[in-house]
Amino acid sequence: MDLLEVMRKRRSIRNYTDEPVKEADLQKIIQAALLSESGKAKRPWEFIVVRNKEVLECLSLCREGGVKMLKEAQCAIVVVGDADMQDVWVEDCSVAMAHMHLMASSLGVGSCWIQGRLRKSEEGTTTEEYVREKLGFPENFKLEAILSLGMPAVKMPAYDLEELPMEKVRIVE
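Definitions and cut-offs
- Residues numbered from 1 in each chain as written.
- Predicted model: local features only at pLDDT ≥ 70, side-chain atom pairs only at ≥ 80, totals over all residues.
- Heavy atoms only, no water.
- Helix = DSSP H or I, 4+ residues; strand = E, 2+ residues; numbered from the N terminus.
- Rg over C-alpha atoms; globule rule 2.2 N^0.38 Å.
- Buried < 20%, exposed > 50% of the residue type's maximum accessible area, 1.4 Å probe, protein only.
- Contact = heavy atoms within 4.5 Å.
- Areas by Shrake-Rupley, 256 points an atom, 1.4 Å probe, with all protein chains shown as cover.
- UniProt positions renumbered as here; feature names shortened; annotations may be inferred.
- Salt bridge = Lys/Arg side-chain N within 4 Å of Asp/Glu carboxyl O.

In the nomenclature of an unreviewed UniProt entry, the chain is known as Nitroreductase of Extibacter muris.

Structure (structure tokens):
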């Protein structure tokens, strides 16, 4: 399958079965993140893999309105960036998130990007403060997002290339 086909089939999956994510698939998803490009090759990101169901349940309250897909997820990867190491940690972490999202899709694993940065928790704190309290990462590390992972409970159709909003593209010659 070529990369464009993987991108066409990648969808945000919020409902999962009880089937576990294979360890080999999880390793490939993590490897995809670790292969991500970053500004000046600083690699300011770190990845916290959460498999504990109680912790996933707790993390489901990290955003106002909740993110119930974390309750159903078999695991999640929390992506944080060292803001002291890299001024473009947000971009670097976002690239890693995108790589994991695409790798998960290519393996048939469902995933959903749960934005953490600039969001509030159910408790009224920032999502970052809430997640830091639960997982204990250092203050200089900032939360970018959480990628929920599980085997899809539903099959979503691939995007149709003919329906892409090409009016958003300008060509200067």
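Once that is clear, we can look at the overall build of the chain. When helices and strands are tallied, the chain shows six helices and four strands. Moving toward the C terminus, one meets the helices and strands of the chain in the order α-α-β-α-α-β-α-β-α-β. Here the C-alpha atoms of the chain give a radius of gyration of 17 Å, agreeing with the 16 Å that 2.2 N^0.38 yields for 173 residues. Across its three principal axes, the chain shows a C-alpha extent of roughly 50 × 40 × 30 Å. Taken over 173 residues, the chain has a buried fraction of 40%. For the chain, contacts bridging at least 24 residues in sequence account for 78% of all contacts bridging at least 6. When the accessible area of the chain is evaluated, it comes to approximately 9,800 Å², of which 52% is carbon and sulfur surface.

Attention now goes to the environment of methionine 156. Looking at the element boundaries, methionine 156 is found in the segment after β4 (141-150). Judged by relative accessible area, which is 33%, methionine 156 ranks as partly exposed. Along the sequence, methionine 156 and valine 95 sit 61 residues apart, while their C-alpha atoms lie 24 Å from each other. Leaving out residues up to four positions away in the same chain, methionine 156 has contacts with Arg11 and Ile13.

Attention now moves to the UniProt feature "domain: Nitroreductase" (unreviewed entry) in the chain. The sites that carry the UniProt feature "domain: Nitroreductase" (unreviewed entry) are, in the present numbering, residues 8-57 and 65-150. Helix makes up 38% of residues 8-57 and strand 12%, with an end-to-end C-alpha separation of 31 Å. For residues 65-150, the helix share is 36%, the strand share is 28%, and the end-to-end C-alpha distance is 21 Å.

On to the pattern of salt bridges. Overall, the coordinates contain eight salt bridges when judged by the stated rule. For glutamate 23, the salt bridge goes to arginine 51, with nearest N and O atoms at 2.9 Å. With glutamate 23 in helix α2 (residues 23-34) and arginine 51 in the loop between β1 (45-50) and α3 (53-59), the pair connects residues that are 28 residues apart, well separated along the chain. Classification of glutamate 23 as partly exposed rests on a relative accessible area of 44%. For arginine 117, the salt bridge is made with glutamate 144, and the minimal N-O distance between the two is 3.3 Å. Remark: glutamate 144 occurs in strand β4 and arginine 117 occurs in the loop between β3 (110-115) and α6 (127-135); sequence separation between them is 27 residues. Using a relative accessible area of 26% as the deciding quantity, one classes arginine 117 as partly exposed. Among the charged side chains, a salt-bridge network with shared partners connects Glu5, Arg8 and Lys9.

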